[in-house]
Amino acid sequence: MSESFPRLSARTRRFTLGVPRGFTISPDGGRVVFLRTKSGTDPVTCLWELDTETHVERLVVDPRTLHADEEDLPPEERARRERSREAAGGVVAYATDAAVRQACFALSGGLYVVELASGQTRALSTPGRVIDPRLSPDGRHVAYVCDGALRVQALDTGHDRALARPESETVTYGLAEFIAAEEMDRMRGYWWAPSGDALLVERADDAPVHLWHIADPANPDRPPVAQRYPAAGTPNALTELFVLGLDGSRVPVPFDEEYLVTATWDSHALSIVTLTRDQRTMRLFSVDPATGATSLVREDTDPAWVDIVGGVPAHLDDGSLVWVAGSEGGHRLIVGDRAVTPPTLQVRAVLDVDHDSVLFSASGDPTEIHLWTWDGHSLLPVSTRSGVFSGRMSGGVGVLTEQSLDDEGVSTTVVRRDGMAVPIPSFAERPGLDLRVSLGRSGRRELATAVVLPTWYEPGSGKLPVLMDPYGGPHAQRVLNRRGAFLESQWFAEQGFAVIVADGRGTPGRGTEWERAVLGDLATPALEDQIDALHGVAEQYPDDLDLTRVAIRGWSFGGYLAALAVLRRPDVFHAAVAGAPVTDWRLYDTCYTERYLGDPEAQPEVYEKSSLFADAAKLERPLLLIHGLADDNVVAAHTLRLSSALLAAGRQHSVLPLSGVTHMTPQEVVAENLLLLQVDFLKKSLGDAVSPGSAVSPGDAVSPGDAVSPGDVSPGGGPAV
């Protein structure tokens, strides 16, 4: 018997195992180093190398041969993986020298360096467990973080020393603080000088950050885990920068802004990017590494917020600055002092700068992400087919990744200087689902929308219950031209639902005005747009959708939106599954929340408008709340406080607590059974959904206030189905 989709999706980490990723191209373009597991169900990531001339692919590092226990990870590394949403194990990150002759990596807290040509791997002796090792550009030293200290080891002699030690237990050197990692996509806290004789290092002090405790009620013998969490309106970590020389010198680099967005150190400049607490002013400084003096290069302001864009700052060979900024309603590529892209092309990220060429991703249609280059004179499209693309570029050689609705999985191709394409195979498992997805626009705002129908359904044969399946929050998308975006939605459709996925205001790819429509109100625009999409699709499919049976499900912001929907619009939504929902924005982090809602002390009414607690007494529909009790991003207090408010209002609801589960729900049994439980809940709430070959009938709807039991929870946290 073939494996069920829920089980296979869980085992394959949503079909990400076996997919090549983490590419590094050698400066001459002759080799491509990358990460990949050996199969679509193997969670252990290996390091590989492809010779672009011979097309020969070689396994460089297999963690199993190093006898490292992957589960023995330092707490800081577990936190880093949670922030980066890393679901696999093994060599999940690596760094090379400038020539890409050596690579270093951490494995189970140990430090390793490998000669890429020979594959010879050696373990280095360290005084403790290692976080985020990085080779110097000249390949002579490796830096790493250990017990909060930034250390450097000479590879020829093995001499190991701390360049900076934490002055207290709340201080770390060389690690990104929580906000940088969770909300700014900055996963590192130090940068090597091109000469290899110094480093720019972040010092982060969490002492001002309020102390929270993440308890494990299923194991009362274990003490709660203490965590510094910067909730909206409360203090952030204090961040400072120092240039630390291998000669023992220490030069402070002062800056006044609240946030350090990123830093780069290339042959042209040591650069830092900072952001004010209100996120309306972003500044780019050049730094004199000898004195720490900073010079303002540019300042970007916006009355709402300034967007953080990946890959910048960077420089062309002639020193011209590469930047991305909002202009004329679009996110535009800036080279030197001029915008080189039109405002209608929304730049997503700068992916690489190769001498005088810039590789970047951008969208015309928000459902597609394409690759472009700027060669100093003109814009050239790299990807021409419909889909979602990403890539790298170095030495005139490119790595192109492609996803689309027409093809399964991720396709990876190396494009040589002579134009020859060399594939890097994916070992990912096939989902075993045929997709029936239609992308289009719906509603009066022409929302990007996907309609997912059962493959067995005959149009006009009867009306299907509807399942809205959004994320719906700012700075993230669900509606993209790639199959992987709709696998779970298709599986839900196969259970007898018409599934609608819609991206409303706030989502990227449609310009700054569209994104900023959520300023001061995370609730109203998001909910209005889901209703708009629902009615728009119903007009397009008048004989296929049953608007008397509409459910909504989501996770994180999608969970918030699902709970919001049944609380505020029970006339439209008849049941909801809210996974890890934010319920009170005062309990979420500073950077994300204040970007949209401002300071809760200065604008309490804005927070009240977006909170769910005042709506608790309005609940008339079945609501299932799901939350991992070990979630350190959206803490379980969100669900527990909403449940208390619902109970105080006398409103029946269901809560499914998941012991030991984080925001990612990586455990196989949990991930599998959560899908099955949601279907069971939705069928009980709406009346049985239609199955293949059956007649479509409304079924017995659950009346408002009826209790719906999702099933028991086993002691280990996995729902028993």
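Just so it is clear, the structure is predicted and the values come from calculations on it, not from any experiment. (Residues numbered from 1 in each chain as written. Predicted model: local features only at pLDDT ≥ 70, side-chain atom pairs only at ≥ 80, totals over all residues. Heavy atoms only, no water.)

A. Looking closely at the sheet that holds strand β6 (residues 95-96). Pairing is antiparallel in the open sheet, where four strands are placed in the order β6-β7-β8-β9. Here the strands that pair on one side only, and so sit at the sheet edges, are β6 and β9 (121-124). With six bridges joining them, strand β7 (residues 102-107) and strand β8 (residues 110-115) adopt antiparallel strand pairing. What sits directly across from A106, in β8, is L111. (Pairing = 2+ DSSP bridges. Helix = DSSP H or I, 4+ residues; strand = E, 2+ residues; numbered from the N terminus.)

B. Expanded view of the packing of aromatic side chains. Counted by the stated rule, this structure contains 18 aromatic pairs. Both rings, one in F5 and one in W491, keep their centres 6.3 Å apart while their planes meet at 25 degrees; by these two values the pair is stacked. Of this pair, F5 sits in helix α1 (residues 5-11) while W491 sits in helix α4 (residues 487-494), and the two are 486 residues apart along the sequence. Each member of the pair, F5 as well as W491, carries the same accessibility label: buried. In this structure an aromatic cluster arises from ring pairing among W305, Y471, F557, Y560, W585, Y588, Y592 and Y596. Just above the ring of W48 sits the side chain of R36; from NZ or CZ to the centre is 4.2 Å. Sitting over the ring of F242, R250 keeps its end group 4.2 Å from the ring centre. (Phe/Tyr/Trp six-rings, centres within 6.5 Å; stacked < 30°, edge-to-face > 60°. Buried < 20%, exposed > 50% of the residue type's maximum accessible area, 1.4 Å probe, protein only. Lys NZ or Arg CZ within 6 Å of the ring centre and 35° of its normal.)

C. Inspection of the sheet that holds strand β40 (residues 498-503) at higher detail. A sheet is described by the order of its strands in space; here eight strands give the open sequence β37-β38-β40-β39-β41-β42-β43-β44, paired in mixed fashion. The open sheet has two edge strands, β37 (437-442) and β44 (654-658), and neither has a second partner. Taking each pair of neighbouring strands and ignoring which way they run, the sheet shows an average axis angle of 20 degrees. Pairing between strand β42 (residues 575-579) and strand β43 (residues 623-628): four bridges, direction parallel. The residue of β43 that forms the bridge with V577 is L624. (Axes fitted to C-alpha atoms, helices over the stretch in contact; angles between N-to-C directions.)

D. Structural detail: the pairing of strand β20 (residues 250-253). Of the two faces of β20, the one holding V251 and V253 is buried and the one holding R250 and P252 is not buried anywhere. Taking the residues that link successive antiparallel strands as the turn, the strand β19 (residues 238-245)-β20 hairpin has four residues, and the phi of G248 there is positive, at about 95 degrees.

E. Expanded view of the side chain of R445. By secondary structure assignment, the location of R445 is in the loop between β37 and β38 (447-452). By relative accessible area, which is 19% here, R445 ends up buried. In contact with R445, other than residues within four places in its own chain, are R505, R510, W514, E528, D529 and D532. (Contact = heavy atoms within 4.5 Å.)

F. Just unusual backbone geometry, in detail. P313 follows V312 through a cis peptide bond whose omega is 5 degrees. Phi angles above zero are rare outside glycine, and S108 is one such case at about 55 degrees. By the element assignment, S108 lies in the loop between β7 and β8. With a phi close to 55 degrees, E328 is a non-glycine residue in the positive phi region.

G. View of the side chain of D503. Take D503: it is sitting in strand β40. Lacking a salt bridge, the buried D503 has R478 as its closest oppositely charged neighbour, with an N-O distance of 6.6 Å. Looking at D503, its side chain comes within polar contact range of the main-chain nitrogen of V479, at 3.0 Å. Ignoring anything within four residues of it in the chain, the contact list for D503 reads L447, A448, Q477, R478, V479 and W514. (Lys, Arg positive; Asp, Glu negative; His and termini not counted. Salt bridge = Lys/Arg side-chain N within 4 Å of Asp/Glu carboxyl O. Polar contact = N/O pair within 3.5 Å; in protein donor to acceptor, adjacent residues only side chain to side chain.)

H. Focus on the environment of V388. Take V388: it is sitting in strand β33 (residues 388-394). Overall, V388 belongs to the buried group, its relative accessible area being 10%. For the pair V388 and R482, spaced 94 residues apart in sequence, the C-alpha to C-alpha distance is 6.4 Å. Ignoring sequence-local partners within four residues, the contact set of V388 consists of T367, I369, T401, E402, Q403, L480, N481 and R482.

I. Region of interest: the packing of helix α6 (residues 524-540) against helix α7 (residues 557-568). Across the interface, α6 lies against α7 with an axial gap of 10 Å and an inter-helix angle of 75 degrees. The orientation of α6 with respect to α7, classified from their angle, is roughly perpendicular. Residues A526, L527 and Q530 of α6 form the contact with α7, whose participating residues are F557, L561, L564, A565 and R568. When grouped by side-chain class, the residues that make up the contact of α6 with α7 number six nonpolar, one polar and one charged. (Parallel < 35°, antiparallel > 145°, perpendicular 65-115°, else oblique. Nonpolar A, V, L, I, M, F, W, Y, C, P; charged D, E, K, R; others polar.)

J. Structural view of α7. Between its terminal C-alpha atoms α7 stretches 16 Å, which fits the 16 Å expected from twelve residues at 1.5 Å a residue. In terms of burial, α7 is a largely internal element, eleven of the twelve residues being buried. Inspection of α7 places F557, G558, G559, Y560, L561, A562, A563, L564, A565, V566 and L567 among the buried residues, and these make up the whole buried set. (Expected span 1.5 Å × (residues − 1).)

K. Representation of α4 within the structure. Within α4, eight of the eight residues are buried, leaving the element largely enclosed by the surrounding structure. Those residues of α4 lying buried are L487, E488, S489, Q490, W491, F492, A493 and E494. Following α4 by one or two positions, G496 has its phi on the positive side, about 115 degrees.

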